[in-house]
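Report on the structure
Here is what each chain is made of, one letter per residue.
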Amino acid sequence: MARLSYKEQIQRIREDAIVEAVNRLLATKGYDAMTVDEVAAEAGVAKASLYKHFSSKEELAGAAMVRALDRALAFVDGLREKPETRAIDQLKAVARWAMSSLLAGEMPSLPSRDSSLTSSLQGNDDYTDRLLNLSNKLSIWVTQAQTRGELNPELPAEMVLYTLFARACDPVVSMLKDSGQYTDAQILDWVTTSTFDGLGLKRVP
């Protein structure tokens, strides 16, 4: 692998700073409220310099979404190194990781269906490739968990997958956090339990 020149290293550092700034703003404000001016200020670069790296607000947000998927894939690949762990426990670990990232302000909020970012992401090969890769890896665990009776086999696997993705932007997590009444550990335990075991009281026969 060729070594980056000093100029290329500076460009990489600047791009990383910009993407991290976008990630923070997407996590705190959301795509619709975020502005390019705010990104430049948050990253500590001139707006003109920013446009040398990213041509639009959609491209900025797309880079942040790709970065989030890279982190998710790295976490999932780490779990896959422990094949002895039950599939249901792997899925719970993924849900807890996503919610932990949300609590830490590190998870960009997903775009609304009618957002211009949605159509932009659909044409972003880096984003769609990573999303498909992550979906395929999680789907293997979903199928295994359903086969072993750890998850309801009557639920479409696609629904289970979407439910897991929803934990990355769950308003319940944010609302409990904002109330200031509960610890992060409590929130993680409660939402994980309700996600996989439901809200009903388990009764001993």
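Residues numbered from 1 in each chain as written. Predicted model: local features only at pLDDT ≥ 70, side-chain atom pairs only at ≥ 80, totals over all residues. Heavy atoms only, no water.

A look at the overall build of the chain
Looking only at helices and strands, one finds ten helices and zero strands in the chain. Along the chain, helices (α) and strands (β) appear in the sequence α-α-α-α-α-α-α-α-α-α when read from the amino end. Once the C-alpha set of the chain is aligned to its principal axes, its extents read approximately 70 × 45 × 30 Å. The buried share of the chain, taken over its 205 residues, is 35%. A total accessible area of about 12200 Å² is found for the chain, and carbon and sulfur atoms account for 53% of it. Looking at the chain, you have 24 positive and 28 negative side-chain charges, and the mean spots of the two groups are 3 Å apart. (Helix = DSSP H or I, 4+ residues; strand = E, 2+ residues; numbered from the N terminus. Buried < 20%, exposed > 50% of the residue type's maximum accessible area, 1.4 Å probe, protein only. Areas by Shrake-Rupley, 256 points an atom, 1.4 Å probe, with all protein chains shown as cover. Lys, Arg positive; Asp, Glu negative; His and termini not counted. Charge placed at Lys NZ, Arg CZ, Asp CG, Glu CD.)

A word on the packing of aromatic side chains
Evaluation of the coordinates by the stated rule reveals two aromatic pairs. With 5.4 Å between their ring centres and 20 degrees between their planes, F75 and W97 make a pair best called stacked. Remark: W97 occurs in helix 5 (residues 87-103) and F75 occurs in helix 4 (residues 57-80); sequence separation between them is 22 residues. Overall, F75 belongs to the partly exposed group, its relative accessible area being 26%. Summarising the aromatic geometry, the rings of Y182 and W190 are spaced 5.1 Å apart at their centres and angled 80 degrees between planes, so their arrangement reads as edge-to-face. Classification of W190 by relative accessible area gives partly exposed; the value is 43%. Over the ring of Y31 we find K57, and its NZ or CZ is 4.5 Å from the ring centre. (Phe/Tyr/Trp six-rings, centres within 6.5 Å; stacked < 30°, edge-to-face > 60°. Lys NZ or Arg CZ within 6 Å of the ring centre and 35° of its normal.)

Digging into the environment of M34
For M34, the position within the fold is in the loop between helix 1 (6-28) and helix 2 (36-43). Residue classification places M34 among the buried residues on the basis of a relative accessible area of 1%. Put simply, M34 and E81 are 47 residues apart on the chain and 38 Å apart in space, counted from C-alpha to C-alpha. Beyond its immediate sequence surroundings of up to four residues, M34 is in contact with V22, L25, L26, V39 and K57. (Contact = heavy atoms within 4.5 Å.)

Regarding the packing of helix 4 against helix 7 (residues 125-147)
At a minimum axis separation of 10 Å, helix 4 and helix 7 run at an interaxial angle of 30 degrees. With respect to their mutual orientation, helix 4 and helix 7 come out roughly parallel. For the element pair helix 4 and helix 7, the recorded crossing hand is left-handed. Residues M65, V66, L69, D70, A72, L73, V76, D77, L79 and R80 of helix 4 form the contact with helix 7, whose own contacting residues are D126, Y127, R130, L131, N133, L134, K137, L138 and W141. Its residues assigned to classes, the contact of helix 4 with helix 7 shows twelve nonpolar, one polar and six charged. (Axes fitted to C-alpha atoms, helices over the stretch in contact; angles between N-to-C directions. Parallel < 35°, antiparallel > 145°, perpendicular 65-115°, else oblique. Left-handed = near helix turned anticlockwise from the far one by under 90°. Nonpolar A, V, L, I, M, F, W, Y, C, P; charged D, E, K, R; others polar.)

What to know about helix 5
Residue pairs spaced three or four apart in an α-helix point in one direction, given the helix's 3.6 residues per turn. Spanning 17 residues, helix 5 covers 24 Å between terminal C-alpha atoms, matching the ideal 24 Å at 1.5 Å per step. Regarding helix 5, the residues found buried are A87, I88, Q90, L91, V94, A95, A98, M99, S101, L102 and L103. Contacts made by the buried residues of helix 5 are with helix 4, helix 7, helix 8 (157-166), helix 9 (171-179) and helix 10 (184-197). Phi for G105, located one or two positions after helix 5, is positive at around 70 degrees. (Expected span 1.5 Å × (residues − 1).)

Some remarks on the pattern of salt bridges
Under the definition given, this model contains 14 salt bridges. Across the pair D16 and R67 runs a salt bridge whose closest N-O atoms are separated by 3.1 Å. You can see D16 sitting in helix 1 and its partner R67 sitting in helix 4, a full 51 residues away along the chain. On the accessibility criterion, D16 (32% relative accessible area) is partly exposed. Of the charged contacts, one joins D89 and R86 as a salt bridge, the two residues approaching to 3.1 Å between their closest N and O atoms. Judged by its relative accessible area of 28%, D89 is partly exposed. Shared partners join several salt bridges into a network, and the residues in it are D16, E20 and R67. (Salt bridge = Lys/Arg side-chain N within 4 Å of Asp/Glu carboxyl O.)

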